[in-house]
Amino acid sequence: MPLNPRTHALFSAGAEAQMAICFQSPSKPTCISPSSNHYRPNLHARSFRCNFSKTLTADPQPVFTSVKSFAPATVANLGPGFDFLGAAVDGIGDFVSLRVDPDVRPGEISIVDIDGVGNSATKLSKNPLWNCAGIAAISVMKMLGVRSVGLSLSLEKGLPLGSGLGSSAASAAAAAVAVNEIFGRKLGVDDLVLAGLDSEAKVSGYHADNVAPALMGGFVLIRSYDPLELIPLTFPSDKELFFVLVNPEFEAPTKKMRAALPSEIGMSDHVWNCSQAAALVASILQGDLRGLGKALSSDRIVEPRRAPLIPGMEGVKKAALEAGAFGCTISGAGPTAVAITDDEEKGRDIGERMVEAFLEDGKLKAVAMVKQLDRVGARLMSSNLR
């Protein structure tokens, strides 16, 4: 029986309906985290991991009547870091407004409005079972064991769909934070990442290189998916880093771009990419932008397969490097191209050259933005007390 797009998502949130979102170990159903009550991970810890996502047995009561949250855009892969490296981008992202709604049945969530850039309002479903924000919100409600109140959600898209800027992850992250906040912030960032992964898995695949930095901010390394283990990479606070993001009028669906990837790779390419990924991590920790740019531009496995699918991409990368960028690659699955520099004004010049290259080589109009690293991640923007 087909689902009605306006149907609320009903689920059982009791203790007997415990939901394992992450990979679980029968002998060790435990969750290890540097923080159980805050989104911010302990940045002094080397990593944290979760083997089992617990459901809280108590039915929590809302602390606020309504909240508004924000989650930033992300740049995933960063060249050789396919599916295990990502960074949050300041100044652009998605907003979620959430409120306790007596017209929504207890234990349910309803998406009442979708607005924002591009064709978001017409292309995204209001059925929470088929919407990134809805899926993540449901996952958090299950973890919390919410049964006595209903919620309504409004999504404001600041990111275009299929842009390579972590659009689905931003929606999921903002929704996860909103639900957690409205019930008093009972879950830590590890559980919220798992909720975001539940959403990503149904949209573009089980990868956390967008949703983890969207929630945690900064650079994040996914060390393992089984069990999930995340390592925040601290970029020095005294260093300037600017992302030059150039988004052409071209949609590159993640599923299509993943289908272009090779099923097998040669040993020499494997060794090369491993060394470049290691250099990339070292450069992030050292604040070495030249080293970061060099490694970011050196992928021999993914970028060579995807670049030909984005009209003008090879010319855009060449133009960015000639204009003085430290490095350039495809952001996520594309089609956005990302270059890095240490100067905002220089970044604008690089962006102009990249826009020109998209038009000349790819016959595509494009828009350039120069943004800094977001060091905070998803956060509460406003709230109303009960």
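Look a little higher up for the structure.
Keep in mind the model is a prediction, meaning the values are calculated, not measured.

A. Structural view of the overall build of the protein. In terms of regular secondary structure, the protein is built from 11 helices and 14 strands. Buried residues in the protein amount to 56% of all 386 residues. For the protein, the share of sequence-separated contacts (at least 6 apart) that also reach a separation of at least 24 residues comes to 78%. Accessible surface, the protein: about 16100 Å² in total, of which carbon and sulfur atoms supply 52%.

B. Expanded view of the packing of aromatic side chains. Applying the stated criterion across every chain, the model contains 3 aromatic pairs. Geometrically, the ring pair formed by F70 and F95 is tilted, given 5.0 Å between the ring centres and 50° between the ring planes. Of this pair, F70 sits in strand β4 (residues 64-76) while F95 sits in strand β5 (residues 85-100), and the two are 25 residues apart along the sequence. Ring plane angle 45° and centroid distance 6.1 Å describe the contact between F219 and F235, whose orientation is recorded as tilted. Here the residue F219 occupies a position in strand β8 (residues 219-225), and F235 occupies one in the loop between β9 (228-233) and β10 (242-248), the gap between them amounting to 16 residues. No difference in accessibility class separates F219 from F235, as the two residues are buried. One residue, R300, lies across the ring of W272, its end atom 3.9 Å from the ring centre. For K346, the ring lying beneath its charged end belongs to F326, and the centroid distance is 5.8 Å.

C. Region of interest: helix α11 (residues 344-362). With 19 residues, α11 should cover 27 Å at 1.5 Å per step; its first-to-last C-alpha distance of 26 Å lies within 8% of that length. Capping the start of α11 is the job of one residue whose side-chain oxygen sits 3.2 Å from the backbone nitrogen of E345: D343. Positive phi appears at K363, one or two residues downstream of α11, with a value of about 55°.

D. Fine view of the pattern of salt bridges. Taken as a whole and assessed by the stated rule, the structure comprises 11 salt bridges. Here R185 and E181 are joined by a salt bridge, their closest N and O atoms 2.7 Å apart. Owing to a relative accessible area of 30%, R185 belongs among the partly exposed residues under this scheme. A salt bridge links E303 to K317, with the shortest nitrogen-to-oxygen separation between them at 2.8 Å. In this pair, E303 is assigned in helix α9 (residues 303-306) and K317 in helix α10 (residues 313-322), connecting sequence segments 14 residues apart. For the pair E303 and K317, one class covers both residues: buried.

E. Representation of the sheet that holds β10 in the model. The sheet built from 4 strands is open, its strands ordered β11-β12-β10-β13 with antiparallel pairing. Here the strands that pair on one side only, and so sit at the sheet edges, are β11 (327-330) and β13 (366-372). Direction aside, the axes of adjacent strands within the sheet are offset by 20° on average. Looking at chain direction, β11 and strand β12 (residues 337-341) are connected through 4 bridges and run antiparallel. Looking at the pairing, I330 lines up with A337 of β12. Packing against the sheet, helix α8 (residues 289-296) makes contact with β11 and β12, and its axis sits at approximately 160° to β12. Across the sheet, α10 is in contact with β11 and β12; its angle to β11 comes to roughly 160°.

F. Looking closely at the nonpolar core. In this structure, L98, L153, V193, L215, F219 and F243 are the most contacted members of the largest nonpolar core, which totals 78 residues. With 10 residues, helix α3 (residues 167-182) is the single largest residue contributor to this core. Among the nonpolar cores identified, the runner-up in size contains 22 residues, and M313, C328, A337 and F358 belong to it.

Thresholds, definitions, all that
Residues numbered from 1 in each chain as written. Predicted model: local features only at pLDDT ≥ 70, side-chain atom pairs only at ≥ 80, totals over all residues. Heavy atoms only, no water. Helix = DSSP H or I, 4+ residues; strand = E, 2+ residues; numbered from the N terminus. Buried < 20%, exposed > 50% of the residue type's maximum accessible area, 1.4 Å probe, protein only. Contact = heavy atoms within 4.5 Å. Areas by Shrake-Rupley, 256 points an atom, 1.4 Å probe, with all protein chains shown as cover. Phe/Tyr/Trp six-rings, centres within 6.5 Å; stacked < 30°, edge-to-face > 60°. Lys NZ or Arg CZ within 6 Å of the ring centre and 35° of its normal. Expected span 1.5 Å × (residues − 1). Polar contact = N/O pair within 3.5 Å; in protein donor to acceptor, adjacent residues only side chain to side chain. Salt bridge = Lys/Arg side-chain N within 4 Å of Asp/Glu carboxyl O. Pairing = 2+ DSSP bridges. Axes fitted to C-alpha atoms, helices over the stretch in contact; angles between N-to-C directions. Core = buried A, V, L, I, M, F, W, Y, C linked by side-chain atoms within 4.5 Å.

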